[in-house]
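This is what each chain is made of:
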Amino acid sequence: LYDKLGYMPADSIQQSVAKSEEIAIDDWAVAAVAKKLGKTEDAAYFTKRSLNYRNYFDKETGFMRGKLANGQWTAPFDPAFSKHEGSDYTEGNAWQYLWLAPHDVQGLIGLLGGKEPFVTKLDQLFKVEEGVKGEEASNDISGLIGAYAHGNEPGHHTTFLFNYAGWAWRTQELNRQIQTTMYTTAPDGLCGNEDCGQMSAWYIFSALGFYPVNPSDLTYQIGSPIVKQAKIEVSPGKYFTVKAPAASKENKYVSEVKLNGKVLSKSYITHQEIINGGTLEFAMSAQPNKELFK
């Protein structure tokens, strides 16, 4: 049915939206490997499949929704509604799963009408007054900022999506909020389920000032470092050094980034740049630089 319809029908499988979105991410990764191996037909096939998540987008509501085999949307619909078992989403709701397309962020921006509507909706995610509804809502939806749930992995890339639309300062602002309010050294110092170490991995990456939104594309989006200096041994005797000497509770915004002494004009660094060794240096400020990475 998936290959025939381009989506998993909600009347055949539970959590269809979440499962299909995750399959789309996997398909993109398979396409990347196929391309690397020179298998152009396989790469084209899986690249096309990786865009199937778009079949769940409902222009009228602006969310990813469950779709029946006959093409109709599941109803009734409330983006904040959650049911731990038996809904279109896994441990989440439509607010959280709208953003699970890390392999096709520009495509998602297009679905939402362009960069301005995209960041408006993305910003709204963190300001929704009632982010979760439902008597049987999943207990895994935790660490809430509005409807954003930091306590569950499907949303961990979401704060970095502002980078793609020219709002890097908002990524920095939210990351610092999460770093300082949702992690402590107490026994219950994590705000969610530490599946495979993901909660801690997010903190380590974010504390260094970069994060793999789509690990398969071998790039890391710039965030807000909280450490003043760190050295990563990338091979015996070779280091990638991160410096943010002015980083502090107040200085959460990045005013400039330099990679090996050259000003970084893009919002990301590559895996190759990291393993080559070198220095990533952040100039930090208490005021946002809203022109950064525009």
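Look a little higher up for the structure.
Residues numbered from 1 in each chain as written. Predicted model: local features only at pLDDT ≥ 70, side-chain atom pairs only at ≥ 80, totals over all residues. Heavy atoms only, no water.

Peer 1: Could you clarify how one ought to interpret the overall build of the protein chain in this entry?
Peer 2: Looking only at helices and strands, the protein chain has 9 helices and 12 strands in total. Against the globule reference of 19 Å for 294 residues, the protein chain gives a C-alpha radius of gyration of 20 Å, in line with a compact fold. Summarising its shape, the C-alpha atoms of the protein chain cover approximately 55 × 50 × 35 Å along the three principal directions. Of all 294 residues assigned to the protein chain, the portion counted as buried reaches 50%. Here the contacts in the protein chain between residues at least 6 apart in sequence split such that 63% fall between residues at least 24 apart. Of the charged side chains in the protein chain, 29 are positive and 34 negative, and the gap between their average positions amounts to 9 Å. (Helix = DSSP H or I, 4+ residues; strand = E, 2+ residues; numbered from the N terminus. Rg over C-alpha atoms; globule rule 2.2 N^0.38 Å. Buried < 20%, exposed > 50% of the residue type's maximum accessible area, 1.4 Å probe, protein only. Contact = heavy atoms within 4.5 Å. Lys, Arg positive; Asp, Glu negative; His and termini not counted. Charge placed at Lys NZ, Arg CZ, Asp CG, Glu CD.)

Peer 1: I tried to follow the sheet that holds strand E11 (residues 268-270) on my own but got confused; where do I start?
Peer 2: Picture the strands of a sheet paired through backbone hydrogen bonds; they go either parallel or antiparallel. Read from one edge of the open sheet, 3 strands run E5-E6-E11, paired in antiparallel fashion. The outermost strands of the open sheet, each flanked by one partner alone, are strand E5 (210-211) and E11. As judged from the 3 bridges shared by strand E6 (residues 219-222) and E11, these two strands associate in the antiparallel manner. Each bridged residue has a counterpart across the sheet, and for Tyr 220 the counterpart in E11 is Ile 269. (Pairing = 2+ DSSP bridges.)

Peer 1: I'm lost on the packing of helix H2 (residues 16-36) against helix H3 (residues 40-49) in this one. Help?
Peer 2: When two helices pack together, their arrangement is given by the angle between the helix axes and by the axis-to-axis distance. The contact between H2 and H3 brings their axes to 8 Å, and the two run at 160°. Here H3 runs roughly antiparallel to H2, going by the angle between their axes. H2 and H3 meet at a crossing whose hand is left-handed. When H2 is examined against H3, the residues Ile 23, Asp 27, Trp 28, Val 30, Ala 31, Ala 34 and Lys 35 are found in contact with a partner set consisting of Asp 42, Ala 43, Phe 46, Thr 47 and Arg 49. Its residues assigned to classes, the contact of H2 with H3 shows 7 nonpolar, 1 polar and 4 charged. (Axes fitted to C-alpha atoms, helices over the stretch in contact; angles between N-to-C directions. Parallel < 35°, antiparallel > 145°, perpendicular 65-115°, else oblique. Left-handed = near helix turned anticlockwise from the far one by under 90°. Nonpolar A, V, L, I, M, F, W, Y, C, P; charged D, E, K, R; others polar.)

Peer 1: What is the right way to look at the sheet that holds strand E7 (residues 229-235) in this model?
Peer 2: Pairing is mixed across the open sheet formed by 5 strands, whose spatial order is E7-E8-E12-E9-E10. On the outer flanks of this sheet lie E7 and strand E10 (262-263), each paired with one strand and no other. Sheet analysis places strand E8 (residues 238-243) next to strand E12 (residues 278-285), joined by 4 bridges and oriented parallel. If you follow Phe 240 over to E12, its bridge partner there is Gly 278.

Peer 1: How do you make sense of the pairing of E12 when you look at a structure like this?
Peer 2: Sheet faces and side chains relate simply in a regular strand, where the side chains alternate between the two faces. Bridge count between strand E9 (residues 253-259) and E12: 6 bridges; the pairing is antiparallel. Within E12, the position partnered with Glu 256 by the bridge is Ala 283.

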